[in-house]
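Residues per chain, in single letters:
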Amino acid sequence: MNAYASAARAEPARPIHIGEHLREWRQRRHLSQLDLAGEAEISARHLSFVETGRSAPSREMVLKLAERLDVPLRERNVLLVAAGFAPAFPQRALDDPALKSAREAIDLVLKAHEPNPALAYDRHWNLVAANRMLAPILQGVPPKLLSPPLNILRLSFHPEGLAPRTVNLGEWAAHLLERLHRQCEATADPELVRLYNDLKSYPLPARSAPVSADNVAIPFKLRHNGEVLSFISTTMVFGTPVDVTLSELALETFFPADELTAQRLKQMQPRD
């Protein structure tokens, strides 16, 4: 049984002391106490005392260590609470007035990207928003797979979803699994671990061959109305978020990888 499988079956009890939290994150980042102490500009002895509970860190030290460890904002709040402090990073709904400018920025990017598909999703890959070009791409997918919450990865891997129409399913699925694996490593999110193991259970073909030297990125090749549409994608995140929700949002934008795809997308674009 691998580590991800065991974690998916039973989430371990959260350590209750700030030092245990810090040690877990330090080990997850493959740093020694000396390495982390040097980056945080404190002594290794002091850090050792914090990890063992012999010394209580200040709020500023908790935040500084969390930053050096690249701890997600959600988990930085956990660290602060474990150290006896109030959370520092709010978590608002995306329709909260405080996030109005961020939501407008998302809508602007999605709209401006037409006639190419673009979408936004949360930390668990659940669809948050999309432009009008996603609907033609999903034409023919059973409605039961499109009901909220729509998980983009499950839709991509499901035998009734996009998997049967994905021409290079072995390469594309492996690419998505590698991205998800990196997220699991970076965040230690149990829900992402469960998602990773669920997706690994789908019967997927192996990679057929190395990526061609002619490609600049792994393409997403989708069979649509008897033709093959080919896309390359980019992922965008907000650069300096201090809100948990905003820090966990990602925008995926797809671009045509050939002239045929560019032409077909223009033809599919809804008229205003």
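Our structure's up above, just so we're on the same page.
Residues numbered from 1 in each chain as written. Predicted model: local features only at pLDDT ≥ 70, side-chain atom pairs only at ≥ 80, totals over all residues. Heavy atoms only, no water.

## Looking at the packing of aromatic side chains
- According to the stated counting rule, one finds six aromatic pairs in the structure shown.
- A ring pair is formed by Phe231 and Phe254, whose centres lie 6.2 Å apart and whose planes are at 85 degrees; its orientation type is edge-to-face. On the criterion of sequence distance, the pair formed by Phe231 in strand 4 (residues 227–236) and Phe254 in strand 5 (residues 250–256) is long-range, its members being 23 residues apart. By the burial criterion, Phe231 is buried, and Phe254 matches it.
- Three or more aromatic residues joined by ring pairs form one cluster here, namely Trp172, Phe220, Phe231 and Phe254.
- Cation over ring: Arg28 sits above Trp25, and NZ or CZ is 4.4 Å from the ring centre.
- We note Arg54 situated over the ring of Phe49; from NZ or CZ to the ring centre the distance is 4.1 Å. (Phe/Tyr/Trp six-rings, centres within 6.5 Å; stacked < 30°, edge-to-face > 60°. Helix = DSSP H or I, 4+ residues; strand = E, 2+ residues; numbered from the N terminus. Buried < 20%, exposed > 50% of the residue type's maximum accessible area, 1.4 Å probe, protein only. Lys NZ or Arg CZ within 6 Å of the ring centre and 35° of its normal.)

## Concerning the environment of Arg92
- Structurally, Arg92 is set in the loop between helix 6 (73–82) and helix 7 (100–112).
- Note: C-alpha distance between Arg92 and Asp243 (151 residues apart in sequence) is 7.2 Å.
- For Arg92, the residues in contact, after removing those within four places along its chain, are Ala98, Leu99, Asp243 and Thr245.
- One polar contact links Arg92 to Asp243, side chain to side chain, over a distance of 2.9 Å. (Contact = heavy atoms within 4.5 Å. Polar contact = N/O pair within 3.5 Å; in protein donor to acceptor, adjacent residues only side chain to side chain.)

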